[in-house]
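Each chain is listed here by its residues.
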Amino acid sequence: MPKTDRDRAPATTVTGVLGSPVEPVKRQTDIARAAALIADPSRARILKCLADGRALPANALADEAGIGAATASAHLAKLVEGALLTVERRGRHRFYRLAGPDVSAALECLALIAPPLPITSLKQSNRAVALHRGRSCYDHLAGRLGVALMHGLLKRGILTGHDGVHRPDEAVCDRPASYGHDVRYHLTPAGRTTLAELGIDADRLPPRRPAIRYCVDWSEHQHHLAGGLGAVLTARLFELDWVRWGRSPRVVDLTDTGAQGLERTLGVVVADDTVRARGPVSPA
């Protein structure tokens, strides 16, 4: 479906559904410093482990990166100093998380141009398949699950503005694995009512960020919901136990109750091969 002037957002300024502008970067940035921080394989594994927006303790990150506690501590200190991570103390432990969604978006973009890691075990193969089925993109859903959610919201008339399909030959600013800029999505009055029935107040979304954004999903090449609404909706799905964290970092599993609930309330029809969480699963 070709874009119209009504659907296309200005290329210079991105605007959220509430009208708050997202200004482009207007200063010179030290790309080399940020790239050097990410370039170390152990630090890259730590960042990828935190890309779902959760805070994790240093020992869990050391285990995930396959390094010792002292080495992990040194890497974490550099990432905090470089403003890629933040740290908070909880009792005797320190918990680390990404400094914000832009860090996660940068990792997604790098993943698009990076050579694939060799898959040498069934575990690695299963993890790759699971990430395509359903994963977090910082604090919102991505993969086939996230794309299905977006399409359900559009078909049910909760969101309007586009059909959710990324067409590279028509794109102006949109690229895979990045925030979308070319179109605007809007929440409809009927959508506000539906979300309220789900326990979401569309007038009380997180401040200081666009209410509705979208990402071009790197694996599906379609749009998934981001922004304040994407974060709140994802958090609500976890509260309802409609989705659960999988056994690997960033993997999100759909429960049987969630599959029924999403179809009933939001019109989301999930493909049969999307992961279902049938038993209790501890966060990775």
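Analysis parameters
- Residues numbered from 1 in each chain as written.
- Predicted model: local features only at pLDDT ≥ 70, side-chain atom pairs only at ≥ 80, totals over all residues.
- Heavy atoms only, no water.
- Axes fitted to C-alpha atoms, helices over the stretch in contact; angles between N-to-C directions.
- Helix = DSSP H or I, 4+ residues; strand = E, 2+ residues; numbered from the N terminus.
- Parallel < 35°, antiparallel > 145°, perpendicular 65-115°, else oblique.
- Left-handed = near helix turned anticlockwise from the far one by under 90°.
- Contact = heavy atoms within 4.5 Å.
- Nonpolar A, V, L, I, M, F, W, Y, C, P; charged D, E, K, R; others polar.
- pLDDT = per-residue confidence, 0-100.
- Pairing = 2+ DSSP bridges.

**Thoughts on the packing of helix α2 (residues 41–49) against helix α4 (residues 69–81)**
Then comes step 1: Here α2 crosses α4 at 70°, and the two axes come no closer than 10 Å. Comparing the axis directions of α2 and α4 gives the class roughly perpendicular. You can see that α2 and α4 cross each other, and the crossing is right-handed. Contacts from S42, R43, I46 and L47 of α2 reach α4 at H75, L76, K78 and L79.
Then comes step 2: Residue classes in the contact of α2 with α4 are distributed as 4 nonpolar, 2 polar and 2 charged.

**Some thoughts on the confidence of the model for the protein chain**
Then comes step 1: Within the protein chain, residue pLDDT values average 84, and 85% of them lie at 70 or more.
Then comes step 2: Throughout residues 1–22 the model reports pLDDT below 50, and contacts reaching past four residues in sequence, or to other chains, amount to 42 contacts.

**As for unusual backbone geometry**
Then comes step 1: For A83, which is not glycine, the phi dihedral falls at a positive 65°.
Then comes step 2: Here A83 lies in the loop between α4 and β4 (85–90).

**Things to note about the pairing of strand β5 (residues 93–98)**
Then comes step 1: In terms of strand pairing, strand β3 (residues 56–57) meets β5 through 2 bridges, oriented antiparallel. Residue pairing for β5: L56 is matched across the bridge by Y96.
Then comes step 2: Alignment of β4 against β5, held across 6 bridges, turns out to be antiparallel. By the bridge assignment for β5, E88 is matched with F95.
Then comes step 3: Connecting β4 to the next strand, β5, in antiparallel fashion are 2 residues, including G91 with a positive phi near 65°.

**Digging into the sheet that holds β5**
Then comes step 1: Reading across from one edge, β3-β5-β4 is the order of the 3 strands in this open sheet, with antiparallel pairing throughout. In this open sheet, the two edge strands, each paired with only one partner strand, are β3 and β4.
Then comes step 2: In the packing of α4 onto the sheet, contacts are made with β4 and β5, and the angle to β4 comes to roughly 115°.

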